[in-house]
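Observations on the three-dimensional arrangement
Residues per chain are reported as follows:
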Amino acid sequence: GGVIKEQLRYLNGFVKDLQAELFQGKLSGRAKVRAGMYADAARATYQQSRRRQKYDAGMRHERRILGAADHCAGCLAAAQLGWQPIWTLPPIGSAECTVQCQCQMIYKK
């Protein structure tokens, strides 16, 4: 719930910025990039909710799997750790690649 509230605050700010740009009769390229980032951020939010779901289902270990992308140092380091107790690896989207992260977590009991 807290993550969703935070995302809604960001989205409300974005809406206000868009309204101001449209009122001035222009839409910047920055706005288009920002819109794409909000769409990408949904992936990280999904991965966090999936993490909670797996924990609630009895999974106790997680492992970061690198996705098809150029990887930042944070993702590479987390993947090299292998299996770890759940909640100890950095969440998807928290490394240098932020919302553009293509990694995922896998889980086991």
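A few words now on the overall build of the chain. From N to C terminus, the chain includes three helices and three strands. For the chain, the spread of C-alpha atoms along the principal axes amounts to about 55 × 30 × 15 Å. A buried classification covers 27% of the 109 residues belonging to the chain. Counted over contacts in the chain with a minimum sequence separation of 6, partners at least 24 positions apart contribute 66%. Taken as a whole, the chain presents about 7100 Å² of accessible surface, with 57% of it coming from carbon and sulfur. Here the chain carries 17 positive and 8 negative side-chain charges, and the mean point of each set is 7 Å from the other.

On to the pattern of salt bridges. Overall, the coordinates contain two salt bridges when judged by the stated rule. The shortest N-O distance in the salt bridge between Arg 51 and Glu 62 comes to 2.7 Å. With Arg 51 in helix H2 (residues 29-56) and Glu 62 in strand S1 (residues 61-65), the pair connects residues that are 11 residues apart, well separated along the chain. As far as the burial class goes, Arg 51 and Glu 62 line up, both buried.

What follows deals with helix H1 (residues 2-23). Spanning 22 residues, H1 covers 32 Å between terminal C-alpha atoms, matching the ideal 32 Å at 1.5 Å per step. Backbone geometry just downstream of H1 places Gly 25 in the positive-phi region, at approximately 80°.

Next up on the list: a nonpolar patch on the surface. On the surface, a nonpolar cluster with roughly 320 Å² of combined accessible area is contributed by Ile 4, Leu 8, Leu 11 and Val 15. By the element assignment, Val 15 lies in helix H1.

Before going further, it helps to examine the sheet that holds strand S3 (residues 104-108). What the three strands build is an open sheet, ordered S2-S1-S3; its pairing is antiparallel. The sheet is open, and its two borders are formed by strand S2 (84-85) and S3, each paired with just one other strand. Relative to S3, S1 runs antiparallel, the two sharing five bridges. Bridging from a neighbouring strand, Arg 63 pairs with Ile 106 of S3. Running over the sheet, H2 touches S1 and S3 and is turned about 5° from S3.

Here is what the cut-offs are and how they apply
- Chains are numbered independently. Their residues run from 1 in the order of the written sequence.
- Totals for whole chains, interfaces and linings use all residues, but because this is a predicted model, local features are given only for residues with pLDDT of at least 70 and pairs of side-chain atoms are given and counted only at 80 or more.
- Calculation of side-chain values draws on the structure's entire complement of heavy atoms; hydrogens and water are dropped beforehand.
- Only DSSP runs of H or I with at least four residues qualify as helices, and only runs of E with at least two residues qualify as strands; both kinds are numbered from the N terminus onward.
- Burial classes: relative accessible area under 20% of the type maximum marks a residue as buried, over 50% as exposed, and values in between as partly exposed (1.4 Å probe, protein chains only).
- The contact definition used throughout considers only heavy atoms, calling two residues in contact when any of these lie within 4.5 Å.
- Computed with a 1.4 Å probe, the accessible areas rest on the Shrake-Rupley method; for each residue, only the protein chains presented here act as cover.
- Note on charges: Lys and Arg go in the positive column, Asp and Glu in the negative column, and His and the chain ends are not counted at all.
- Each charge is placed at NZ for Lys, CZ for Arg, CG for Asp and CD for Glu.
- One side-chain nitrogen of Lys or Arg within 4 Å of one carboxyl oxygen of Asp or Glu is enough to make a salt bridge.
- Multiplying 1.5 Å by the residue count of a helix minus one yields the expected span of that helix.
- Patches here are clusters of residues that have more than 30% relative accessible area and form no salt bridge, with a 9 Å joining cutoff for like charges and a 5 Å cutoff for nonpolar side chains (Val, Leu, Ile, Met, Phe, Trp, Tyr).
- Strands qualify as paired when DSSP identifies two bridges or more between them.
- In this analysis an axis means a line fitted to C-alpha atoms, helices contributing only their contacting stretch, and an angle means the value between N-to-C directions, from 0 to 180 degrees.

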